[in-house]
Structure formats: C-alpha cells, structure tokens
Amino acid sequence: MTNTFVSYHRPSIGEAEINAVVEVLRSGWLTTGPQVQAFEAAFARAVGVKHAVAVNSCTAGLHLALEAAGVSLDDEVIVPTLTFAASAEVVAYLGAKPVLIDCRPDTYTMSPQALQAAITTRTRAIMPVHYAGQACDMDEIMAIARDHDIPVIEDAAHALPASYRGRPIGGIGDATCFSFYATKTLTTGEGGMITTNDPDVAERMRIMALHGISKDAWKRYTAEGSWYYEILAPGYKYNLTDLAAALGLEQLKRQAEFREARARIAARYDEAFSDLQGLRTPVALPDREHAWHLYVIEVEPSHVRLSRNAFIESLRERGVGTSVHFIPLHLHPYYRDTYGYTPSDFPNAFAAYERMVSLPIYPAMTAADIDQVISTVREVVARANSRARVGTVGV
Ligand SMILES: Cc1ncc(COP(=O)(O)O)c(C=O)c1O
C-alpha cells in the first residue's frame with residue numbers, strides 16, 4: 001500500500017453548496033440579505049432557540065455577546081485557559097480582564113470548582129468553552145452563574161451539533177456563539193452565529209453587528225428599504241454575506257450526516273487504540289452528545305518514550321497531519337506578562353497540553369485515510385515502546 005498524506009482537515013463541499021453560491025452570485029445581491037435571513041431562521045430551528053444572529057466569525061459573535069451582556073471597563077470575565085485566542089481577546093476588546101481558570105483533567109472542559117473559586121464582585125460574565133465539541137458541565141455552571149446573577153456566554157465554536165442532558169447547545173446560556181471557520185463542523189469559509197432566547201440581547205447584537213445603526217440597516221438598498229438611518233452606538237462591522245449564508249444553509253442540511261461520520265471515525269479510533277499502552281483516547285461522557293469536532297489523544301510519557309512533539313513529527317513523516325488544541329492561554333507572552341501567570345497555575349491544562357495531539361476527524365476522510373491514521377499511530381507507538389524496552393535493559 002502506498003501512503004498518501006492524510007491532511008489534518010479537508011472540508012466537505014458538495015455540488016449543492018457550489019450551486020447555492022453560484023445562484024447568489026447571479027442574483028445581484030451579494031452581502032447581507034435574504035440568504036442570511038433564511039440561514040438565521042433555519043439555524044434557530046435546528047438548535048431550538050428563538051433568535052439567531054449571523055456574523056462573520058465566532059470571534060465577532062463572542063465580542064457582541066459580551067457587549068450585549070454589559071461587559072465593560074475593568075469588569076472580569078471568567079474564561080478557561082485551554083482555549084483559542086478568540087475566547088479571551090474579546091474580553092480585552094471591551095477593556096475588561098479575562099480571568100483564566102483550569103479545566104477538568106478528563107474532558108478538558110471548564111472546571112465548575114475552578115469557576116466557583118474565581119468568582120469575585122467584579123465578575124461580569126462567564127464563558128464556558130465546549131472543548132472539542134463536548135458540552136461543559138452546564139447544570140453546575142448555570143447554578144453558579146444564577147447564584148451570582150452573572151450572564152453565561154458560551155463559546156460553542158466546536159459544538160455543532162451537540163447536546164447536554166438532552167438539551168441542544170445553543171439555548172442553555174444567555175447567548176451561545178458558533179464558528180463556521182474552514183475547519184469547523186459547518187463551514188462558510190469564515191462565519192459565525194449567535195443564538196439566544198432573549199429578544200433584547202438579540203436586538204442589541206443585531207444593531208452592534210452593523211455599525212450600531214438602526215434596525216434593518218442592511219435593507220437600505222432594497223425596494224422596501226429607506227435611505228434614512230440613525231447611529232445608536234459606535235458599533236462594529238460584523239455582518240455575514242449572502243454568499244456565505246447560502247453555503248451555510250446547504251451545510252446545515254447535512255449536519256446529521258456529518259456528525260454521524262465523525263462519530264463513526266471516533267468509534268473506530270477508540271477501538272483501534274484501546275489496547276495501546278501509553279495512549280489515552282478521549283473521554284466522552286454518557287449524558288452529552290459530542291459533536292466530535294476534535295479527536296484529542298494524550299501521549300503518556302511514562303509509557304511512550306517519545307515526546308509529544310517527536311510523536312507529531314513521526315506521524316507527519318509517515319503521512320499523517322495533526323494539530324494541538326491548544327497552547328493554554330496562560331503560557332502565551334501576552335497573558336503571562338500582563339497577568340503574571342506561571343505554567344503551574346493551571347496544572348490540568350498544562351499537563352494536558354504537554355501530551356495532547358489532535359488526530360484528523362472529518363467526513364471527507366476515506367476508509368483508506370482512517371486506516372492510515374490508525375496504522376501509523378500504532379506503528380509510531382510500537383516503535384517508541386520497543387525502544388523504551390530496549391532502553392530499560394541498558395542496551
Ligand atoms: C474555542 C474557539 N473559540 C473561538 C474560535 C474563533 O472562531 P472564528 O475563527 O470563527 O472567529 C475558535 C476558532 O478556532 C475556537 O476554536
């Protein structure tokens with residue numbers, strides 16, 4: 001068998017998506033318009049919420065949701081350290097302080113105990129991140145938040161579709177932000193959606209997403225629109241295009257098919273690696289439906305005589321692309337130097353980071369791709385373990 005390179009990700013774009021975008025190109029209306037309206041309505045139905053606001057990234061969504069929650073200068077927002085840059089930078093946009101906390105050691109999702117300990121009189125919002133596509137402990141997190149009357153803004157960049165104790169992610173907290181970035185479970189290239197059941201929050205986010213100008217400003221070049229508008233606040237330019245929304249509408253129709261494909265790959269990996277000493281497969285809790293955006297393994301250094309970086313390099317040399325999610329925020333120069341964090345401040349995230357590797361998991365993987373990932377991982381672990389055994393007898 002000749003190995004080709006299994007890239008870390010490849011999107012699934014079919015003819016329906018291509019045709020939908022071409023139709024928008026031919027329609028004469030490219031930016032926010034009827035496709036965005038239809039996408040918002042379909043998305044709201046899909047996750048069972050009253051309002052969905054389309055934006056041009058999840059980062060934009062998180063910014064708008066925090067702004068609508070009233071976060072401002074010198075407030076604190078609690079964010080897990082094991083997340084992407086976006087989750088915390090939006091807090092800084094508003095002049096507030098991101099207060100980083102640790103994760104659970106098994107699922108890497110927000111630790112409710114760490115959350116409880118981090119609450120102060122200045123806490124203005126809590127941002128759980130549904131890491132890898134698995135929901136955080138939302139009952140515990142919501143109870144803590146409600147006790148202190150603090151809004152919960154969920155970062156669900158990984159979590160479409162996902163559910164927690166039978167409830168879809170999207171309608172649990174005060175607002176939930178999804179990402180349609182190129183590698184995500186639904187993609188529009190770049191894009192995002194904010195969901196909420198609160199009409200006032202939805203209205204504020206809509207206004208701020210388009211320069212803070214009065215409702216339906218996007219309609220001003222349509223027959224029914226008016227040239228007149230009013231600026232209500234200094235807003236942002238975060239609206240989604242109709243081109244992207246047309247793509248999103250088609251991708252949304254395929255969500256069940258995509259999720260099943262990812263769940264099948266996860267089950268294949270779980271089984272194929274179950275006997276491997278020194279390799280920990282992901283912990284999926286029974287009371288939540290995992291979106292399987294990421295499949296994160298841990299390479300146990302006491303068994304596999306290979307550093308995580310060498311492990312990644314060996315996979316790459318043998319044709320398997322991987323990634324690491326994430327370098328915890330507190331290790332980055334900005335957060336380390338601004339807030340004085342040290343690596344050991346968040347021991348669970350730090351230990352996980354040093355061992356974690358994200359394997360390819362996406363519907364466009366062929367059976368041969370999946371087999372190649374499995375055999376390559378097994379081979380790299382076996383070689384490292386045999387070297388380790390040789391090492392222990394001093395050869
Ligand atoms: C956890 C998390 N939050 C937010 C984002 C930002 O998403 P976007 O690129 O749509 O702004 C990402 C993107 O990778 C992410 O992984």
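Residues numbered from 1 in each chain as written. Predicted model: local features only at pLDDT ≥ 70, side-chain atom pairs only at ≥ 80, totals over all residues. Heavy atoms only, no water.

### Examining the overall build of the chain
For the record, the criterion: Helix and strand assignments come from DSSP, with helices taken as H or I runs of at least 4 residues and strands as E runs of at least 2, each series counted from the N terminus. The size measure is the radius of gyration over C-alpha atoms, and the globule rule it meets is 2.2 Å times the number of residues to the 0.38 power. Burial classes: relative accessible area under 20% of the type maximum marks a residue as buried, over 50% as exposed, and values in between as partly exposed (1.4 Å probe, protein chains only). Residue contacts are defined here by distance: any two heavy atoms, one from each residue, within 4.5 Å place the two residues in contact. All tallies of charge rest on Lys and Arg as positive and Asp and Glu as negative; His and the ends of each chain are not included. To locate a charge, take NZ of a lysine, CZ of an arginine, CG of an aspartate or CD of a glutamate.
From N to C terminus, the chain includes 13 helices and 13 strands. Computed over C-alpha atoms, the radius of gyration of the chain comes to 22 Å, within 12% of the 21 Å expected from 2.2 N^0.38 for 395 residues, which places it in the range of a compact globule. For the chain, the spread of C-alpha atoms along the three principal axes comes to 80 × 55 × 35 Å. Residue burial in the chain is summarised as follows: out of 395 residues, 54% are buried. Pairs at least 24 apart in sequence give 74% of the contacts found in the chain among residues at least 6 apart. Here the chain carries 36 positive and 45 negative side-chain charges, and the mean point of each set is 4 Å from the other.

### Considering helix 1 (residues 15-27)
To keep things clear, this is the line we draw: By definition here, a helix of n residues has an expected span of 1.5 Å times n minus one.
Helix length check: helix 1, at 13 residues, gives a terminal C-alpha distance of 18 Å against a target of 18 Å (1.5 Å per residue), a fit within 8%. In this fold, the buried residues of helix 1 make contact with helix 2 (34-47) and helix 8 (242-253). One or two steps after helix 1, the chain reaches G28, where phi turns positive at roughly 90 degrees.

### Topic: the layout of surface pockets
Stated formally: Cavities and pockets were defined on a 1 Å grid built from protein atoms only: a cavity is a group of points that admits a 1.4 Å probe but offers it no way out, a pocket is an open group of points flanked by protein on both sides within 12 Å along at least five of seven lines, and a lining residue is one with an atom within 4 Å of any such point. Grid points are joined across faces, edges and corners, and a volume is the space filled by probe spheres set on the points. Gly counts as polar in this scheme, as do all residues outside two lists: the nonpolar Ala, Val, Leu, Ile, Met, Phe, Trp, Tyr, Cys and Pro, and the charged Asp, Glu, Lys and Arg.
The calculated volume of the largest pocket comes to roughly 540 Å³. In terms of lining residues, the largest pocket is bounded by 39 residues, among which S179, Y181, T183, K184 and H293 are the most central. A breakdown of the residues in the lining of the largest pocket according to their chemical character gives 18 nonpolar, 16 polar and five charged. Of the volumes computed, that of the second largest pocket is approximately 340 Å³. What lines the second largest pocket is a set of 19 residues, and nearest its centre among them are T32, E40, R206, D216 and W218. Taken together, the elements giving at least two residues each to the lining of the second largest pocket come down to helix 2, strand 1 (51-55) and helix 7 (199-209).

### Brief notes about the site of the ligand
For clarity, the cut-off: Any residue with a non-hydrogen atom lying within 4 Å of a molecule or strand is treated as near it. Whenever a nitrogen or oxygen atom comes within 3.5 Å of another N or O atom, the pair is scored as a polar contact, on the condition that within protein one atom can donate a hydrogen and the other can accept it, and that pairs from neighbouring residues in sequence are kept only if both atoms are in side chains. All accessible-area figures derive from a Shrake-Rupley calculation using a 1.4 Å probe, and residue coverage is judged against the displayed protein chains alone.
Taken together, 16 residues sit near the ligand, with T59, D155, H158, S179 and K184 positioned nearest. Measuring from a nitrogen atom of the ligand, one finds a side-chain N or O atom of D155 at 2.6 Å. H158 is positioned such that a nitrogen or oxygen atom in its side chain is 2.8 Å from an oxygen atom of the ligand. Surface burial for the ligand is 92%, taken as the share of its 390 Å² of free accessible area covered by protein chains. The set of elements that each furnish at least two residues to the shell around the ligand consists of helix 3 (58-68) and helix 4 (85-93). Here the residues of the shell around the ligand are counted per class, giving seven nonpolar, seven polar and two charged.

### Some details on the nonpolar core
Heads up, the rule is: Definition of nonpolar core: a set of buried residues of the types Ala, Val, Leu, Ile, Met, Phe, Trp, Tyr and Cys, connected through side-chain atoms within 4.5 Å.
By size, the foremost hydrophobic cluster in this structure holds 48 residues, and its most contacted members are L64, L66, Y108, Y131, I153 and I194. Listed by contribution, the elements that provide at least two residues to this core are strand 1, helix 3, strand 2 (76-80), helix 4, strand 8 (175-179), helix 7 and helix 12 (347-355). Here this core takes six residues from helix 3, the largest share from any one element. Setting aside its immediate chain neighbours within four residues, I153 contacts L62, A65, L66, A69, I126, M127, P128, A175 and C177. Core analysis: the second largest hydrophobic core is formed by 43 residues, A44, A52, M110 and F178 among them.

### Let's talk about empty space enclosed by the protein
This model, assessed by the stated rule, comprises one cavity of 30 Å³ or more. Estimates place the volume of the largest cavity at around 110 Å³. Looking at the lining of the largest cavity element by element, the count peaks at three residues for strand 12 (residues 295-299). Split into classes, the residues belonging to the lining of the largest cavity amount to eight nonpolar, four polar and three charged.

### Let's talk about the sheet that holds strand 9 (residues 192-196)
For clarity, the threshold we go by: Note on pairing: DSSP must find at least two bridges between two strands before they are called paired. Every axis corresponds to a line fitted to the C-alpha atoms, with the helix fit spanning only the stretch in contact, and the corresponding angles, defined between N-to-C directions, vary from 0 to 180 degrees.
A sheet is described by the order of its strands in space; here four strands give the open sequence 1-9-8-5, paired in mixed fashion. Among the strands making up the open sheet, the edge pair consists of strand 1 and strand 5 (153-155). Here the strands of the sheet are splayed against their neighbours by 20 degrees on average, with no regard to which way each runs. As paired elements, strand 1 and strand 9 share five bridges and run antiparallel to each other. Across the sheet, the residue bridging to V53 is I194, located in strand 9. Against the sheet, helix 7 touches strand 1 and strand 9, its axis set at about 15 degrees to strand 1.

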